[in-house]
Amino acid sequence: MAPPPLIELQQVSKVYGTGEATIHALDRVDLVIEKHEFVAIMGPSGSGKSTAMNIIGCLDVPSSGEYLFQGIKTSEFDRGQHTLLRRHMLGFVFQGFNLLARTSAVENVELPLVYRGMEARERRRLATIALAQVGLAGRENHTTQQLSGGQQQRVAIARAIVTSPAVLLADEPTGNLDTKTSKEIMELITGLNRDHGITVIMVTHEDDIAAYARRNLRFVDGRLQSDSQNDKVAAHVL
């Protein structure tokens, strides 16, 4: 018997407000994402792409429909179980980096392991490995003020992968970066998917960034308008 999909949305809707102020952020979305995929979620502002990402990341819950993770209905989870799913299975990368100021790179990367209650020496070991994995060996003790924007995003990615998550959720990961640095970050994320088997789900509004993904989902007005394989994956990531 085949295993269930890693992620499945079944007729998922998300509604905010009531009466004339009602907003249908998502409207009966069906979606399946398998292990090891690299998926780009696209769409204009207000299309529902960020809402879909928040639900997949257990940062929000559907108004109706079901979100299943590895075949388990997350609607049956209590708050603590949602927290455990995020802590053990999901890694997050945001446009704004969200690093602690005046704190070293390695201490930023250790943070998810602190929440797990891990012993200090093991935290430091795993954080150092994660920083080396993203190309920041030797910069463990640099504070955020001593790092460039691209290096800060690398620290954020190291923090996201230090727990060995099944899924990396990246919300506009290159939005604050220049073209050259964006390319470097996307090659790093692509390598995590290709070489380490991490499922990547990325929100972007830029076609050249979506070109790194092998599957593109496009949302319009809260609905999944198209779901297509990307036959033009950037040549340098093959």
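It should be emphasised that the depicted structure is a prediction, and the values quoted were computed from it without experimental measurement.

A. View of the overall build of the protein chain. Secondary structure assignment for the protein chain yields 7 helices and 10 strands. In terms of C-alpha radius of gyration, the protein chain reaches 18 Å, essentially the compact-globule figure of 18 Å for 238 residues. Its C-alpha atoms give the protein chain principal-axis dimensions of roughly 50 × 45 × 40 Å. A total of 238 residues make up the protein chain; the buried ones form 49% of that total. Counting contacts in the protein chain only where the partners sit at least 6 residues apart, residues at least 24 apart contribute 70% of the total.

B. Representation of the layout of surface pockets in the model. The volume enclosed by the largest pocket comes to roughly 450 Å³. Looking at the largest pocket, it is lined by 16 residues, and the ones nearest its centre are R86, F92, P112, Y115 and R159. Secondary structure elements with two or more residues in the lining of the largest pocket: α2 (79–89), β6 (90–94), α3 (105–115) and α5 (149–161). Looking at which element gives the most residues to the lining of the largest pocket, the answer is β6, with 4 residues. Each residue belonging to the lining of the largest pocket can be placed in one class, and the counts come to 9 nonpolar, 4 polar and 3 charged.

C. Quick peek at the pattern of salt bridges. Inspection of every chain in the model, using the stated rule, returns 12 salt bridges. Between D27 and R28 there is a salt bridge, with its nearest N and O atoms 2.8 Å apart. The buried category is assigned to D27, whose relative accessible area is 17%. Judged by relative accessible area, R28 falls into the partly exposed class, the value being 46%. Between R215 and E37 there is a salt bridge, and its shortest N-O distance comes to 2.9 Å. Here the residue R215 occupies a position in strand β9 (residues 215–220), and E37 occupies one in the loop between β2 (23–33) and β3 (38–42), the gap between them amounting to 178 residues. According to the relative accessible area criterion, R215 is buried, its value standing at 8%. In the salt-bridge network here, residues are joined through shared partners; they are D27, R28 and R223.

D. Geometry of the pairing of β6. With 4 of its 5 residues buried, β6 lies for the most part within the structure. Examined bridge by bridge, β6 and strand β7 (residues 167–171) share 5 bridges and lie parallel to one another. Of the residues in β7, the one forming a bridge with F92 is L169.

E. View of the packing of α3 against α5. Remark: α3 packs on α5, axes separated minimally by 7 Å, with the N-to-C direction vectors making an angle of 30°. Considering the angle they form, α3 stands roughly parallel to α5. Relative to α5, α3 is oriented so that their crossing is right-handed. Residues A105, N108, V109 and P112 of α3 pack against V155, A158 and R159 of α5.

F. Geometry of the packing of α3 against helix α4 (residues 120–133). Viewed as axis vectors pointing N to C, α3 and α4 meet at an angle of 120°, and their least axial separation amounts to 9 Å. Considering the angle they form, α3 stands oblique to α4. For α3 against α4, the interelement crossing comes out right-handed. On the side of α3, the interface is formed by A105, V106, E107, V109, E110, L113 and V114, while α4 contributes R123, R124, L126, A127, T128, A130 and L131. By residue class, the composition of the contact of α3 with α4 is 9 nonpolar, 1 polar and 4 charged.

G. Expanded view of helix α6 (residues 179–196). Between its first and last C-alpha atoms α6 spans 25 Å; for 18 residues at 1.5 Å apiece the expected length is 26 Å, and the two agree. Among the residues making up α6, those that are buried are T181, S182, I185, M186, L188, I189, T190, G191, L192 and N193. Structurally, α6 contributes buried residues whose contacts are with β3, α4, α5, β7, β8 (199–203) and α7 (207–210). Capping of α6 at its N-terminal end is provided by D178; its side-chain oxygen lies 3.2 Å from the backbone amide nitrogen of K180. Just downstream of α6, G197 is the residue with a positive phi angle, here 75°.

About the cut-offs
- Residues numbered from 1 in each chain as written.
- Predicted model: local features only at pLDDT ≥ 70, side-chain atom pairs only at ≥ 80, totals over all residues.
- Heavy atoms only, no water.
- Helix = DSSP H or I, 4+ residues; strand = E, 2+ residues; numbered from the N terminus.
- Rg over C-alpha atoms; globule rule 2.2 N^0.38 Å.
- Buried < 20%, exposed > 50% of the residue type's maximum accessible area, 1.4 Å probe, protein only.
- Contact = heavy atoms within 4.5 Å.
- 1 Å grid on protein atoms, 1.4 Å probe; cavity = no way out; pocket = protein on both sides within 12 Å on 5 of 7 lines; lining within 4 Å.
- Points joined across faces, edges and corners; volume = space filled by probe spheres on them.
- Nonpolar A, V, L, I, M, F, W, Y, C, P; charged D, E, K, R; others polar.
- Salt bridge = Lys/Arg side-chain N within 4 Å of Asp/Glu carboxyl O.
- Pairing = 2+ DSSP bridges.
- Axes fitted to C-alpha atoms, helices over the stretch in contact; angles between N-to-C directions.
- Parallel < 35°, antiparallel > 145°, perpendicular 65-115°, else oblique.
- Left-handed = near helix turned anticlockwise from the far one by under 90°.
- Expected span 1.5 Å × (residues − 1).
- Polar contact = N/O pair within 3.5 Å; in protein donor to acceptor, adjacent residues only side chain to side chain.

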